[in-house]
Structures are given as C-alpha cells and as structure tokens.
Amino acid sequence: SGNAREGIWVGHSATRGITISGNWVGLGNDGLAVAGNAFTGIAINDAKLVKIGGVTAAEGNLVANNGHRGIGLWRVADPFVQGNKVGFTVTNAPAGNGNGGIELSECLRPRIGGTVSGTRNFVGNNGGPGIAFWATSDGFIQGNTIGLTPNGLSAAKNNGDGILLATGSPRNMV
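A short tour of the structure in this document, coming up. The structure presented is a predicted model; accordingly, all values stated were derived computationally and were not measured.

**Considering the pattern of salt bridges**
Next, step 1: Within this structure, the stated rule accounts for 6 salt bridges.
Next, step 2: The salt bridge involving Asp78 is made with Arg109; its shortest N-O contact spans 2.6 Å. In this pair, Asp78 is assigned in the loop between β7 (71-77) and β8 (80-82) and Arg109 in the loop between β10 (102-105) and β11 (111-113), connecting sequence segments 31 residues apart.

Pasting the structure below:
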C-alpha cells in the first residue's frame, strides 16, 4: 500500500493460475489508516485462470482508498472475483476508491461473486460504478452486495451505476 502506481500488479500473457487472497490493499497494517495506491489497488492484465479473494473470510481482500479503481482486470480469461470488500476498511467504514469498485475490460467468462456462501463481494463508496463490464462477455455477476454496508443496514453508494454492462458486453448473466 502507498505505492506510486498499483498496489498489486500482474501482467504477462503467460500468467495463469494465480491467486491473490488475504491482502489489505490501500490500507495500513491496522486495516483503518489510509495508505492508498496512486492507481488501481489490484490490477491484472493479460492473464488466465485468476482468482482474487475466495470463499472464506481469510481469503477475501480488503481493497480501499486507491486513486483509480479497486480491482481492475484487462484481457483476462476465466477470472473469479469472490469474497472481497471493495471500498471499506476492516471495520466496514467507508474507504472508497477513486473510480469504480470492480472493473473488467475485454475479459472472457468472468465470475464476480456467486451463489455459494462466502463468494459475495461487498462493493460500496467508490467514485464510479460498483461493478462494470467493458467489452466483457459470457460472465456472471451474482450474489454481491452493491451500494450497502456489509451488514446491509446503511447506504454505501457508488458514484455511478451499481452494475454497468457497457456496449460490447454480450451474453452476461446478472
């Protein structure tokens, strides 16, 4: 955290089968202090079979206070983004990212959230859409909490659509 660019950056066409889990990105060691990265919190470019988060609380990432988006994926095939808190501190206080919470561009077969316990992403307080697909196809956005605090009792609005499926994003299920 506190980097001049991304918090976590993975980018190479031969990258496949990676997992990013259990990180606090854009937060201090206490999970509260602002230590945002200048650009995207977790950025993945040109990869395949990527898992960000997981189904247990320990596997989920806290991604907050970053200058651009919380989680950004570009040209990634078969990504799973599950069990993360994007735009919150460890105590669920607001800590939004400058742009969108979770944004995907030119991705294939993404799974954002899910129906199994623990796969829900909590996305709120961000400067753009909660979850956005740009030219992304054949994906699922399921079971996420968008625009509410993780306890579901208070608003945590994103400054944009809750879910945005932009032009060129066919065959997605929400």
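**Notes on the sheet that holds strand β14 (residues 140-142)**
Next, step 1: One open sheet accounts for 5 strands, arranged β2-β5-β8-β11-β14; its pairing is parallel. Each of the sheet's edge strands pairs with one partner strand only, and the pair in question is β2 (19-20) and β14.
Next, step 2: Summarising the sheet, β8 and β11 pair through 2 bridges and their orientation is parallel. When the bridges of β11 are listed, Phe80 appears paired with Arg111.

**Regarding a nonpolar patch on the surface**
Next, step 1: Judged by side-chain polarity, Trp24, Leu32 and Val90 come together as a nonpolar surface patch covering roughly 250 Å² of accessible area.
Next, step 2: Among the secondary structure elements, Leu32 is positioned in the loop between β3 (24-25) and β4 (42-48).
Next, step 3: For Leu32, a relative accessible area of 41% translates into the label partly exposed.

**A few points about the nonpolar core**
Next, step 1: Core analysis: the biggest nonpolar cluster contains 22 residues, and Ile42, Ile44, Ile52, Ile71, Leu73, Ile102 and Ile112 have the highest contact counts within it.
Next, step 2: Taken together, the elements giving at least two residues each to this core come down to β4, β7, β10 and β13 (131-134).
Next, step 3: Leave out the neighbours within four places in its chain, and Ile42 touches Ile8, Ile20, Val25, Ile52, Asn61, Val63, Gly70, Ile71 and Gly72.

**Things to note about the environment of Gly83**
Next, step 1: Along the polypeptide, Gly83 turns up in the loop between β8 and β9 (85-86).
Next, step 2: Residues Gly83 and Gly22 lie 61 residues apart in sequence; the distance between their C-alpha atoms is 10.0 Å.
Next, step 3: Apart from residues lying up to four places away in sequence, Gly83 is in contact with Gly54, Gly60, Asn61, Gly118, Thr119, Arg120 and Asn121.

**Concerning the sheet that holds strand β1 (residues 8-16)**
Next, step 1: Strand order in this open sheet of 6 strands is β1-β4-β7-β10-β13-β16, and the pairing throughout is parallel. Every interior strand has two partners, whereas the edge strands, β1 and β16 (163-165), have only one. Here the average twist between neighbouring strands, direction ignored, is 10°.

Quick notes on the rules
Residue indices begin from 1 for each chain and proceed along its sequence in written order. Confidence filtering applies because this is a predicted model: local features only for residues at pLDDT of at least 70, side-chain atom pairs given and counted only at 80 or more, and all residues used for totals across whole chains, interfaces and linings. Working from all heavy atoms in the structure, the side-chain values ignore hydrogens and water. Every case where a carboxyl oxygen of Asp or Glu lies within 4 Å of a side-chain nitrogen of Lys or Arg is listed as a salt bridge. By the criteria applied, helices consist of DSSP H or I runs no shorter than four residues and strands consist of E runs no shorter than two, each listed in order from the N terminus. Between any two strands, at least two bridges found by DSSP are needed for them to pair. Distance thresholds for patches are 9 Å for like charges and 5 Å for nonpolar side chains (Val, Leu, Ile, Met, Phe, Trp, Tyr), applied to residues having over 30% relative accessible area and no salt bridge. In these tables, accessible area is a Shrake-Rupley quantity obtained with a 1.4 Å probe, and a residue counts as shielded only by the protein chains included in the view. Categorising residues by exposure relies on relative accessible area from a 1.4 Å probe, with only protein chains included: less than 20% of the type maximum marks a residue as buried, more than 50% marks it as exposed, and the intermediate range marks it as partly exposed. Among buried residues, those of type Ala, Val, Leu, Ile, Met, Phe, Trp, Tyr and Cys that are joined through side-chain atoms within 4.5 Å constitute a nonpolar core. Any two residues whose heavy atoms approach within 4.5 Å are treated as being in contact. To get an axis, fit a line to the C-alpha atoms, keeping to the stretch in contact for a helix; angles then go from 0 to 180 degrees between the N-to-C directions.

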